[in-house]
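Commentary on secondary and tertiary structure
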Amino acid sequence: MSNSKSFFEGVVSNNPVFVFVLGACPTLAVTNTAIGGLSIALCTALVLLLSNFTISLIKGLIPTKVEITTSLLIIATFTAVIQLIFYSQLPLLYDKVGIYCPLIITNVVLLRRAIMFAVEETVMASIFDALGNGIGFIAALTLLSGIRELLGTGRLFEYQVFSENFGTSLIAMAPGALIVLGLIIAFFNSVKRARKVNLDTQGN
Amino acid sequence: MKYLILLISSVFVNNVVLTQLFGISPLLVVTRKVESTIYFSIVVATVLVFSTILNFLVETYILIPFHIEYFQIVAFVVLILIVSRMVQITLSNFPTFVNRFQDNFFVLLVANSTILGASLLAIKNEFDFLTTVVFAFGSAIGYLLVMIIFSAIQEHLRLEKIPKSMEGYPILLIAAGLLAMAFVGFQ
């Protein structure tokens, strides 16, 4: 697979959030503000890039029996590094993300890319794969958290868009995260289905 | 009395899954059948109780006295890995348990943010030892409760007629959202 192809697959057709919903799960709780969603997505993308790079570098040295354990420890180390950098450089943003930053380790996307891609492909290929998936992840989470902040509080990136009475606090709370994510995925599914029907009729 | 209130609040009011949004991915993936969900959640609940208590002890008696708090995440992950491996080895004596999950089992255990999240919450809230134990049990019971309710919902959903583009994850996420709404009502 060429590098650019694996890059675009991560951003569009195989977007880690909208295709395998699971990637978004550990981060859902901080997606009530656009800035929170963007910063956790940025952290996840950085950890993904660093861990994919490292795992593909040492792939020949890892026995298959402890593949999962080794990958997890590498991911954990980079998460700790990113958390410390985040904490010292951007303390205000760190307060928003809080205990959800360490939970990046449990993100299935990281482990999936590590076990299914990085241990088999070359270093360059896994960097491009990580970049594609990371950018896809950032785009998806920014969309989700933007919608939630707009409907929940009437603001977008802390800029007042609608009047202050506009917000529905339910959208900003835990149930809102699940419902909004479900509706977004349903929307993307229906777009995909409509395009498929179009292609089929054109073919005939 | 204080501990009873904490137990009830960690089961219902501050439920780890639905109000903290930890471990949503296993909630969507594993709960296809009530029976296997019960087996899976019992395993997760066991790991959760042991690792939360162990993580608390490591944090208070090793990491803080030696000023190496920055090892927190790595230490917790290693401990969770060890506890999960021990539970897995113990369970291998009961073939009915293990055959249900096979390879995915270990990944689903470690990549489960409920376990790590509960440990981090206990430390963030500055609980003492006994409170941590009560909190760990409460979270485990809350986890079991939500998983079993949700698997029952999913068994019902399979019989319903659902719009094509809502099939799969979207309808499950919305169902989970409605369930979460019920739990938010406790607050």
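What you are looking at is a predicted structure, and each value in this text was computed from that prediction instead of being measured.

**Some words on the overall build of chain B**
Scanning chain B from terminus to terminus reveals nine helices and zero strands. Relative to the globule expectation of 16 Å for 187 residues, the C-alpha radius of gyration of chain B, 17 Å, shows essentially globular dimensions. Projecting the C-alpha coordinates of chain B onto the three principal axes gives extents of approximately 60 × 40 × 30 Å. Among the 187 residues that make up chain B, the fraction classed as buried is 44%. Restricting to contacts in chain B with at least 6 residues of sequence separation, those with at least 24 account for 82%.

**Some thoughts on the overall build of chain A**
For chain A, the count of helices and strands is eight helices and two strands. Along chain A, from the amino end to the carboxyl end, the secondary structure elements read α-α-α-α-α-α-β-β-α-α. Sequence separation of 24 or more characterises 77% of the internal contacts of chain A that already satisfy a separation of 6 or more.

**A short note on unusual backbone geometry**
Residues and elements named next belong to chain B. At L21, a residue that is not glycine, the phi angle is positive and equals roughly 60°. Tracing the backbone shows L21 in the loop between α1 (2-13) and α2 (24-29). Not every positive phi belongs to a glycine, and E126 is a case in point at roughly 55°.

**Focus on the environment of V161 of chain A**
Within the fold, V161 of chain A resides in the loop between β2 (159-160) and α7 (169-172). With 12 C-beta atoms counted inside 10 Å, the residue V161 of chain A sits in the exposed group.

**Comments concerning the nonpolar core**
Ranked by internal contacts, the top residues of the largest apolar core, which has 97 residues, are I75, I105 and L181 of chain A together with V44, L48 and Y143 of chain B. Non-local contacts of V44 of chain B, meaning those with residues more than four positions away in its chain, are made with L109, N112, T114, I115 and Y143 of chain B.

**A word on the packing of helix α2 (residues 34-57) of chain A against helix α6 (residues 123-153) of chain A**
Residue and element names in this part refer to chain A. Across the interface, α2 lies against α6 with an axial gap of 8 Å and an inter-helix angle of 165°. On the basis of their axis angle, the class for α2 and α6 is roughly antiparallel. Between α2 and α6 lies a crossing of right-handed hand. Tallied by class, the residues present in the contact of α2 with α6 amount to 18 nonpolar, 11 polar and two charged.

**With respect to the interface of chain B and chain A**
Counting residues at the interface gives 36 residues for chain B, matched by 36 residues for chain A. When contributions to the side of chain B that touches chain A are tallied by element, the ones reaching two or more residues are α2, α4 (72-91), α6 (104-110), α7 (113-124) and α9 (169-184) of chain B. Examining the composition of the side of chain B that touches chain A, we find that nine residues originate from one element, α9 of chain B, more than from any other. Grouping the amino acids of the side of chain B that touches chain A by side-chain chemistry returns 26 nonpolar, eight polar and two charged.

Basis of the calculations
- Residues numbered from 1 in each chain as written.
- Chains lettered and ligands numbered in written order.
- Predicted model: local features only at pLDDT ≥ 70, side-chain atom pairs only at ≥ 80, totals over all residues.
- Helix = DSSP H or I, 4+ residues; strand = E, 2+ residues; numbered from the N terminus.
- Rg over C-alpha atoms; globule rule 2.2 N^0.38 Å.
- Buried ≥ 20, exposed ≤ 12 C-beta atoms within 10 Å, placed from the backbone.
- Contact = placed C-beta atoms within 7 Å.
- Core = buried A, V, L, I, M, F, W, Y, C linked by C-beta atoms within 7 Å.
- Axes fitted to C-alpha atoms, helices over the stretch in contact; angles between N-to-C directions.
- Parallel < 35°, antiparallel > 145°, perpendicular 65-115°, else oblique.
- Left-handed = near helix turned anticlockwise from the far one by under 90°.
- Nonpolar A, V, L, I, M, F, W, Y, C, P; charged D, E, K, R; others polar.

Everything listed here is a matter of coordinates, which is why it stays silent on function.
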